Amino acid sequence: MAFAVFEPATLPEALSVLASEGDASAALAGGTDLLLRIRRGARKYRSVVNIKFVPGLTGLTTWDASRGLTMGALTTFRTIEQDEHVRQHYHCLAEAARVVAGVQLRNLATVGGNIGNASPSADSVPPLVALGATIDVASAAGTRTMPIEACISGPGRTVLTPGEIFTTISVPAPATRSGNAFSRFSPRSAMDIGIASVAASVTLDADGRCTDCRIALGAVSPTPLRATAAENALRGERITAAVADASGELAADAAKPISDIRGTAAYRRAIVRTLTARVVQQAAARAAMAGAR
Amino acid sequence: MTREYRLTVNGKTSVVTTEPHQSLLDTLRERLGLTGSKKGCDEGECASCTVLLDGVPVNSCLVLVGDAAGKSITTIEGVAGSEGPHPLQRAFVELGGVQCGYCTPGMIVSSCALLCEQPDPTDEEIKFYLAGNICRCTGYNKITAAVRSAAETMRAAEVPAPTRRTA
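Residues numbered from 1 in each chain as written. Chains lettered and ligands numbered in written order. Predicted model: local features only at pLDDT ≥ 70, side-chain atom pairs only at ≥ 80, totals over all residues.

*Asks:* Any chance you could break down the overall build of chain A for me, citing the residues and the numbers?
*Replies:* Along its length, chain A carries 11 helices and 14 strands. Its C-alpha atoms give chain A a radius of gyration of 19 Å, near enough to 19 Å, the size a compact globule of 293 residues would have. When contacts within chain A are restricted to residue pairs at least 6 apart in sequence, long-range pairs at least 24 apart make up 64% of them. (Helix = DSSP H or I, 4+ residues; strand = E, 2+ residues; numbered from the N terminus. Rg over C-alpha atoms; globule rule 2.2 N^0.38 Å. Contact = placed C-beta atoms within 7 Å.)

*Asks:* Would you mind going over the overall build of chain B in detail, with residue names and values included?
*Replies:* Per the secondary structure count, chain B includes six helices and five strands. Secondary structure elements in chain B, listed N-terminal to C-terminal, are β-β-α-β-β-α-β-α-α-α-α. Computed over C-alpha atoms, the radius of gyration of chain B comes to 15 Å, within 12% of the 15 Å expected from 2.2 N^0.38 for 167 residues, which places it in the range of a compact globule. The 167 residues of chain B split such that 47% are buried. Across chain B, every contact between residues at least 6 apart in sequence was considered, and the portion connecting residues at least 24 apart equals 63%. (Buried ≥ 20, exposed ≤ 12 C-beta atoms within 10 Å, placed from the backbone.)

*Asks:* Describe the interface of chain A and chain B, naming the residues involved and giving the relevant values.
*Replies:* Chain A puts 20 residues into the contact, and the matching count from chain B is 20 residues. Secondary-structure elements contributing two or more residues to the side of chain A that touches chain B are β1 (4–6), α2 (34–39) and α6 (103–106) of chain A. Sort the elements by how many residues they give to the side of chain A that touches chain B and α6(A) lands first, with three residues. Tallied by class, residues from the side of chain A that touches chain B come to 12 nonpolar, six polar and two charged. (Nonpolar A, V, L, I, M, F, W, Y, C, P; charged D, E, K, R; others polar.)

*Asks:* Which residues make up unusual backbone geometry, and what values go with them?
*Replies:* All names here are of chain A. Phi is positive for Ala 118, which is not a glycine, with a value near 60 degrees. The topology assignment puts Ala 118 in the loop between α7 (111–117) and α8 (125–130). Given 22 C-beta atoms within a 10 Å radius, Ala 118 is considered buried.

*Asks:* Tell me about the sheet that holds strand β3 (residues 47–50) of chain A, residues and numbers included.
*Replies:* Residue and element names in this part refer to chain A. The strand order across the open sheet built from three strands is β1-β3-β2, with neighbouring strands paired in parallel fashion. Strand pairing shows two members of the sheet lacking a second neighbour, β1 and β2 (25–28), which therefore form its edges. Going from strand to strand, the sheet's axes swing by 25 degrees on average, the running direction of each strand aside. Pairing of β2 with β3, which is carried by four bridges, proceeds in the parallel orientation. Counted as the bridge partner of Leu 28 is Asn 50 from β3. (Pairing = 2+ DSSP bridges. Axes fitted to C-alpha atoms, helices over the stretch in contact; angles between N-to-C directions.)

*Asks:* How would you sum up the sheet that holds strand β13 (residues 210–218) of chain A? Please name residues and give values.
*Replies:* Strand pairing in a sheet relies on backbone hydrogen bonds, with the paired strands running either antiparallel or parallel. All names here are of chain A. The sheet built from four strands is open, its strands ordered β11-β12-β13-β14 with antiparallel pairing. On the outer flanks of this sheet lie β11 (178–185) and β14 (225–226), each paired with one strand and no other. Where β11 lies against strand β12 (residues 196–204), eight bridges are found, and the strand directions are antiparallel. Each bridged residue has a counterpart across the sheet, and for Ala 181 the counterpart in β12 is Ala 200. Most of the contacts of helix α11 (residues 265–292) go to β12, to which it runs at about 30 degrees, and overall it touches β11, β12 and β13.

*Asks:* Describe in detail the domain arrangement of chain A, supporting the description with residues and values.
*Replies:* Residue and element names in this part refer to chain A. Looking at the assigned domains, one finds that chain A contains domain 1 (4–53), domain 2 (61–171) and domain 3 (178–292). At the junction of the two partners, domain 2 supplies 25 residues and domain 3 supplies 25 residues. At the level of elements, α5 (91–98), α8 and β8 (152–154) are the ones that each hand at least two residues to the side of domain 2 that touches domain 3. For the side of domain 2 that touches domain 3, a count of residues per class yields 16 nonpolar, six polar and three charged. (Domains from an automatic or database assignment.)

*Asks:* So what about the environment of Gly55(B)? Which residues, and what values?
*Replies:* Residues and elements named next belong to chain B. Among the structural elements, Gly 55 can be located in the loop between β3 (50–53) and β4 (56–59). With 19 C-beta atoms counted inside 10 Å, the residue Gly 55 sits in the partly exposed group. In the structure, Gly 55 is positioned 16 residues away from Lys 71 in sequence and 9.5 Å away in space, judged by C-alpha atoms.

*Asks:* Provide a residue-level description of the packing of helix α10 (residues 241–254) of chain A against α11(A), including the pertinent values.
*Replies:* Residue and element names in this part refer to chain A. Closest axis-to-axis distance for the α10/α11 pair is 7 Å, and the angle between their directions is 140 degrees. Where α10 crosses over α11, the handedness of that crossing is right-handed. Residues Ala 241, Ala 244, Asp 245, Ser 247, Gly 248, Glu 249, Ala 251 and Ala 252 of α10 form the contact with α11, whose participating residues are Arg 269, Val 272, Arg 273, Thr 274, Thr 276, Ala 277, Val 280 and Gln 281. For the contact of α10 with α11, the class distribution of residues is seven nonpolar, five polar and four charged. (Left-handed = near helix turned anticlockwise from the far one by under 90°.)

*Asks:* Before we move on, can you summarise the nonpolar core with the specific residues and values?
*Replies:* All names here are of chain A. Of all hydrophobic cores here, the largest spans 137 residues; its most connected members are Ala 200, Val 202 and Val 280. In terms of residue count, α11 provides more of this core than any other element does, nine residues in total. Among all residues touching Val 202, those that are not within four sequence positions of it are Ser 178, Gly 179, Cys 210, Cys 213, Leu 234, Ile 239, Val 280, Ala 283, Ala 284 and Ala 287. (Core = buried A, V, L, I, M, F, W, Y, C linked by C-beta atoms within 7 Å.)

*Asks:* Give me the packing of helix α3 (residues 87–94) of chain B against helix α4 (residues 104–117) of chain B: which residues, what numbers.
*Replies:* Residues and elements named next belong to chain B. The contact between α3 and α4 brings their axes to 10 Å, and the two run at 135 degrees. By the angle between their directions, the pair α3 and α4 is classed as oblique. As for the relative orientation of α3 and α4, their crossing is right-handed in sense. Here α3 contributes Leu 88, Gln 89 and Phe 92 to the contact with α4, which in turn contributes Thr 104, Ile 108, Ser 111 and Cys 112. Considering only residue class, the contact of α3 with α4 consists of four nonpolar, three polar and no charged. (Parallel < 35°, antiparallel > 145°, perpendicular 65-115°, else oblique.)

Spelled out as structure tokens, the structure:
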């Protein structure tokens, strides 16, 4: 399991070494998944390119009330969990960051790594999808930008080609009278992987009717999943318990879960139904509070 | 191919020659003889290898040695002062927070970081912060009690926590 380690000091240097190493190499972010895969012999690499020393990729979050939040792809979950702007405007992202592993791992693990690892249960993905976030992908050939949901193509697979890395994640500014929420169910409250998770973002008009919403499901499909029928059930409505429950039913229908050691498909669907109804109401309540300010 | 790394552990700087794929944990244990940090799972599940990097608790089994170079590394060996055991160490012993002892270095190093961030934590805050530290003996209640007791002692005596966050 020996491998060489490159430690580029600039982004062009990193992209150049990634381009020349190709698929014999992997970009190393927090290392909490990659190093394990290498140690277990699941993947063999001639080298890893440690991109933590590249300025601008690590730990930087910037907030602008009109443009929203940007953060380096190597921002750790602990930084996200503690960031005042995330906590104030993007509850669902802060809530998801808090349930990742434990404090020590959250000090290492990065949001870009979580996305790139492409686990269906990745905790950061449903909130970022619900918030309409985009991600910049850079290579020696240039940069492209895509929605978070577009960069994951299957369990453990992304659309990135060898030599490409995530650089920046952008989250739009929350709309007026909008709110968002996240909930995950796992048997243990820490150091566990979600059986199912749901993130929702809801925007209300002055009468309290839903004008826009996004609902994203986690751990119940091979790729990130928006529950569009469940969203449509909310548009134009006041979000009562009955409306939220109906939305939950549609989200459960949209889920494509598998049965595995963590839970059966039917169980996961039932969880999605409950979590969706719950987070939709919570997001709507937050939207109403935002409107009242 | 080996490289030289300059590591500052518990205030003392050493130059270590090792391979870049080595973990910080293996480097501490096998090159520097600091075996207080335990190699429980070597995959980030147990946190018995917790050390502080610039005051921030991390699983040293998942940190490459190069990522620790140039940072201030605090291990369990650096927690006690010249005047004897740290209040956290005393409290763990006195209140039965130690049984087999394997998780204890990670528990204490993590608790140091907690008490730096939050000198007067509630039980819930202690449990949340130590959720990544696995103990198979105590049932955790005595660990929570020890941290709470040490926090009281430290606030009363204004004992500085061993490493302040420098960032």
